[in-house]
Amino acid sequence: MKSPKERIIETTFQLFAGQGYNSTGINQIISEAEVAKASFYQHFKYKEDLCVEFLKVRHEYWFNELNNFLAKEKDSKSKIIKAFDFLMYMNEKENFRGCSFLNILSEIPTDNIKILNVIQSHKADLRNYFLEILNDDVLSDHIYMLFESSIIESQLFKSNELIEKSRKIITNLIQ
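Residues numbered from 1 in each chain as written. Predicted model: local features only at pLDDT ≥ 70, side-chain atom pairs only at ≥ 80, totals over all residues. Heavy atoms only, no water.

*Asks:* Help me out: how do you make sense of the overall build of the protein chain in this one?
*Replies:* Summing up its helical and strand segments, the protein chain has 9 helices and 0 strands in all. Its C-alpha atoms give the protein chain principal-axis dimensions of about 55 × 30 × 30 Å. In the protein chain, buried positions account for 45% of the 175 residues. Contacts spanning at least 24 positions in sequence make up 66% of the contacts within the protein chain whose residues lie at least 6 apart. With the model as given, the accessible surface of the protein chain reaches about 9700 Å², and the carbon-plus-sulfur share is 51%. In the protein chain, which carries 22 positive and 25 negative side-chain charges, the distance between the mean positions of the two groups comes to 3 Å. (Helix = DSSP H or I, 4+ residues; strand = E, 2+ residues; numbered from the N terminus. Buried < 20%, exposed > 50% of the residue type's maximum accessible area, 1.4 Å probe, protein only. Contact = heavy atoms within 4.5 Å. Areas by Shrake-Rupley, 256 points an atom, 1.4 Å probe, with all protein chains shown as cover. Lys, Arg positive; Asp, Glu negative; His and termini not counted. Charge placed at Lys NZ, Arg CZ, Asp CG, Glu CD.)

Spelled out as structure tokens, the structure:
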């Protein structure tokens, strides 16, 4: 049986994915997670705190999934190409829901530094992930930008077409 905190985070993922951050209320989360109000507030004082925790959990989950997906790849070129296959895998698994971090970014005020810092940290980690694989900051940033735009475009059009095109570009780009 899952703990109240786990149920809250799981419910938060479903609700944020389905209706967005701003349209999801704490009372709805409490109700659908089947936790007591006191239990919710024991873990999260504010909705913003819940969002930060949700993004941290999502960050760990997403990078674990990526690392598991790429685990068998030996060389940098195949890892990078397979990372784009990972995007298609996640689109299939999560029905083109896009990036949780960018979805929330579009809903928060620009002065919400607490949530913004978590989002920026996730993107910095992804950017560094490609840099560690390629050890070339210009090329890795190029890959990162293609990767990010592929996520957005595939969510917008509910299609893997531009991920596949980015994959082809990268196949020719990396020697």
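*Asks:* How should the side chain of Lys123 be read in this particular structure?
*Replies:* Its place among the elements puts Lys123 in helix α7 (residues 113-134). The contacts of Lys123, once residues within four sequence positions are left out, are Cys99, Phe101, Leu102, Tyr144 and Glu148.

*Asks:* How do you make sense of the packing of aromatic side chains when you look at a structure like this?
*Replies:* Here a ring pair, both rings aromatic, is described through the centre-centre distance and the interplanar angle of the planes. In this structure the tally under the stated criterion is 15 aromatic pairs. Relative to Phe54, the ring of Phe13 has its centre 6.1 Å away and its plane inclined at 40 degrees; by these criteria the two rings are tilted. Here Phe54 lies in helix α4 (residues 47-70) and Phe13 lies in helix α1 (residues 4-19), a separation of 41 residues in the sequence. When its relative accessible area of 17% is taken as the criterion, Phe13 is described as buried. Sitting over the face of the ring of Tyr21, Lys47 holds its NZ or CZ atom 4.4 Å from the ring centroid. Taking the ring centre of Phe69 as reference, the NZ or CZ of Lys82 above it sits at 4.9 Å. (Phe/Tyr/Trp six-rings, centres within 6.5 Å; stacked < 30°, edge-to-face > 60°. Lys NZ or Arg CZ within 6 Å of the ring centre and 35° of its normal.)

*Asks:* Please explain the pattern of salt bridges as it appears in this structure.
*Replies:* Working definition: two side chains of opposite charge can pair if their charged atoms are close together. Summed over the entire model, instances satisfying the criterion amount to 9 salt bridges. Among the salt bridges present, the one from Arg58 reaches Glu94, with a minimum N-O distance of 2.6 Å. In this pair, Arg58 sits in helix α4 while Glu94 sits in helix α5 (residues 76-94), placing the two residues 36 residues apart along the sequence. Arg127 is paired through a salt bridge with Asp141; the nearest N and O atoms lie 2.7 Å apart. Taken together, the residues Arg127 in helix α7 and Asp141 in helix α8 (residues 137-157) connect sequence positions 14 residues apart. When its relative accessible area of 41% is taken as the criterion, Arg127 is described as partly exposed. For Asp141, a relative accessible area of 24% corresponds to the partly exposed category. (Salt bridge = Lys/Arg side-chain N within 4 Å of Asp/Glu carboxyl O.)

*Asks:* For this particular structure, what's the right way to read empty space enclosed by the protein?
*Replies:* If you roll a probe as big as a water molecule over the atoms, it shows you where there is empty space left. Evaluated as defined, the whole model comprises 2 cavities of 30 Å³ or more. The calculated volume of the largest cavity comes to roughly 190 Å³. Around the largest cavity, the lining comprises 19 residues; the ones closest to its centre are Trp62, Leu87, Gly98, Cys99 and Ile151. For the lining of the largest cavity, the elements supplying multiple residues, two or more each, are α4, α5, α6 (100-105), α7 and α8. The dominant element in the lining of the largest cavity, judged by the number of residues it contributes, is α5, at 4 residues. Looking at the lining of the largest cavity residue by residue, the class counts come to 9 nonpolar, 5 polar and 5 charged. A volume near 40 Å³ is recorded for the second largest cavity. What lines the second largest cavity is Phe16, Gly20, Tyr21, Phe54, Arg97, Ser100, Asn103, Ile104 and Glu107. (1 Å grid on protein atoms, 1.4 Å probe; cavity = no way out; pocket = protein on both sides within 12 Å on 5 of 7 lines; lining within 4 Å. Points joined across faces, edges and corners; volume = space filled by probe spheres on them. Nonpolar A, V, L, I, M, F, W, Y, C, P; charged D, E, K, R; others polar.)

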